[in-house]
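Each chain, written out:
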Amino acid sequence: ALLAKGYRFLSETDSEVVACYLMDKLKQTSNLLAAVKETVRKVEGAYARGIMDTADPNHLIGVRSGPPLVI
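Draft legend 1. The pattern of salt bridges, seen in detail. Under the counting rule described, the total for this entry stands at two salt bridges. Linking K5 and D24 is a salt bridge whose minimum nitrogen-to-oxygen distance equals 2.8 Å. Of this pair, K5 sits in the segment before α1 (14–29) while D24 sits in helix α1, placing them 19 residues apart in sequence. K5 sits in the partly exposed class, given a relative accessible area of 49%.

Next comes the structure, spelled out in structure tokens:
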């Protein structure tokens, strides 16, 4: 679905796909927290992420499933 929308991937990592999916959701909502919530509903498996908007560097959103998230 992301390829059909014009996204191009430079690697074969799941992390890159998740980042692109998050960016796509962010374009639809412009609310980072809402976009993160929508993204993690689609992610399967173990992950731990710290997500920050460079326009709002004082806020960090942490999500995890499985491994600990260390900040």
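Draft legend 2. Representation of the pairing of strand β2 (residues 56–65) in the model. Relative to β2, strand β1 (residues 47–53) runs antiparallel, the two sharing six bridges. In the sheet register, D53 faces β2, and the bridge partner there is D56. Two successive antiparallel strands, β1 and β2, enclose a turn made up of two residues.

Draft legend 3. View of the nonpolar core. Membership of the largest hydrophobic core is limited to eight residues, which are L22, L32, A35, V36, Y47, I51, I61 and V63. Breaking this core down by element, the ones donating at least two residues are α2 (32–42), β1 and β2. Ignoring anything within four residues of it in the chain, the contact list for L32 reads L26, I51, M52, D53 and I61.

Rules of the game
- Residues numbered from 1 in each chain as written.
- Predicted model: local features only at pLDDT ≥ 70, side-chain atom pairs only at ≥ 80, totals over all residues.
- Heavy atoms only, no water.
- Salt bridge = Lys/Arg side-chain N within 4 Å of Asp/Glu carboxyl O.
- Helix = DSSP H or I, 4+ residues; strand = E, 2+ residues; numbered from the N terminus.
- Buried < 20%, exposed > 50% of the residue type's maximum accessible area, 1.4 Å probe, protein only.
- Pairing = 2+ DSSP bridges.
- Core = buried A, V, L, I, M, F, W, Y, C linked by side-chain atoms within 4.5 Å.
- Contact = heavy atoms within 4.5 Å.

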